[in-house]
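Read off the chains here:
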Amino acid sequence: MKKTFSTEAAYLFGIILLAVGTAILERADFGMSMVVAPAYILHLKISETFSFFSFGMAEYTMQAILIVILSLIQRRFHRSYLFSFFTAVFYGILLDISIVLLSLIPSETLFFRIILYVIGIPTCSAGVSLLFHTYISPEAYELFVKVLSAKYNIPISKFKTLYDCSSCVLSILLSFAFWGFGHFEGVKAGTVLIALINGWTIGLFSNFFERRFDFRDSLSLRKYFE
């Protein structure tokens, strides 16, 4: 028998797992997730001049741009898109806190970095999967995939893989634009691997959660996000 899992709790745990997982991958330094790599590259470049511009700030800046693009594709601005930006800010704050805490842990050895990388990938995937099981507006990345996969009737896992690979290409172009040909920041071998398996791992977690849990609303807030 399935256990009940609150959709509101799925939102909270999803954001936390995603922020922690992203911070772990940043600490491992084998390349960021292709989804956040453009924001990470933007953070590295701008922080050279403005040191206060954190990774978290770059994240919700990029997500604001993505929300605008989604609105143009949909030809309307839904109020849930605005809350998606609030989610991005919440995630960005958690991300910056997680990065600070993880910086206290020494991770210079190759072995320890590999451990972090292996932990970071499923942590992010589990977070994204949980965000797909809540009515509360997720980050713009997940909202973009969720809305457009439904609009064009494409399975989320396949649309996610396509989106991830597109972000990977954008990251490479940004790296070239900022630092010149042959210089990579944020996009490394680990990024390519994540691009290839991320949609698949998210699908695995989704199947795992759906077999064991019945996602139900605990609060009467769904109408405000429809």
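This text goes with the structure placed above it.
Residues numbered from 1 in each chain as written. Predicted model: local features only at pLDDT ≥ 70, side-chain atom pairs only at ≥ 80, totals over all residues. Heavy atoms only, no water.

Draft legend 1. Looking closely at the packing of aromatic side chains. By the definition in use, this model includes 14 aromatic pairs. An angle of 75 degrees between the planes, with centres 5.7 Å apart, marks the rings of F30 and Y117 as edge-to-face. You can see F30 sitting in the loop between α1 (7-28) and α2 (37-46) and its partner Y117 sitting in helix α5 (residues 110-131), a full 87 residues away along the chain. You can call F30 partly exposed: its relative accessible area is 22%. Ring geometry for F144 versus Y163: centroids 5.6 Å apart, planes at 40 degrees, classification tilted. One end of the pair, F144, is in helix α6 (residues 140-151); the other, Y163, is in helix α7 (residues 156-179), with 19 residues separating them in the sequence. Joined through ring pairs, the aromatic side chains of F5, F205, F208, F209, F213 and F215 make up one cluster. Lying across the ring of F30, R113 places its NZ or CZ 4.3 Å from the centre. (Phe/Tyr/Trp six-rings, centres within 6.5 Å; stacked < 30°, edge-to-face > 60°. Helix = DSSP H or I, 4+ residues; strand = E, 2+ residues; numbered from the N terminus. Buried < 20%, exposed > 50% of the residue type's maximum accessible area, 1.4 Å probe, protein only. Lys NZ or Arg CZ within 6 Å of the ring centre and 35° of its normal.)

Draft legend 2. Looking closely at the environment of L204. Secondary-structure assignment places L204 in helix α8 (residues 189-212). When the C-alpha positions of L204 and P122 are compared, they lie 9.9 Å apart, and in sequence the two are 82 residues distant.

Draft legend 3. Main features of α8. The terminal C-alpha atoms of α8 lie 34 Å apart, and with 24 residues this matches the ideal 34 Å at 1.5 Å per residue to within 8%. Looking only at α8, the buried set comprises G190, T191, I194, A195, N198, G199, T201, I202, S206 and F209. Tucked inside the fold, the buried residues of α8 contact α1, α5, α7 and β2 (213-216). (Expected span 1.5 Å × (residues − 1). Contact = heavy atoms within 4.5 Å.)

Draft legend 4. Local environment of α7. Taking 1.5 Å of rise per residue, the 24 residues of α7 would be expected to cover 34 Å, and the 34 Å separating its terminal C-alpha atoms lies within 8% of that figure. Restricting attention to buried positions, one finds in α7 the residues F159, K160, Y163, D164, S167, C168, S171 and S175. Where α7 is buried, its residues contact α2, α3 (55-74), α6 and α8. The positive-phi residue at the C-terminal boundary of α7 is G180, with phi of around 95 degrees.

Draft legend 5. A look at the environment of F53. With respect to the element layout, F53 can be found in the loop between α2 and α3. Residue classification places F53 among the buried residues on the basis of a relative accessible area of 10%. When the C-alpha atoms of F53 and L42 are compared, they prove to be 9.4 Å apart, with 11 residues separating the residues in sequence. Setting aside residues no more than four positions away along its own chain, F53 makes contact with L42, H43, I46, S47, A58 and T61.

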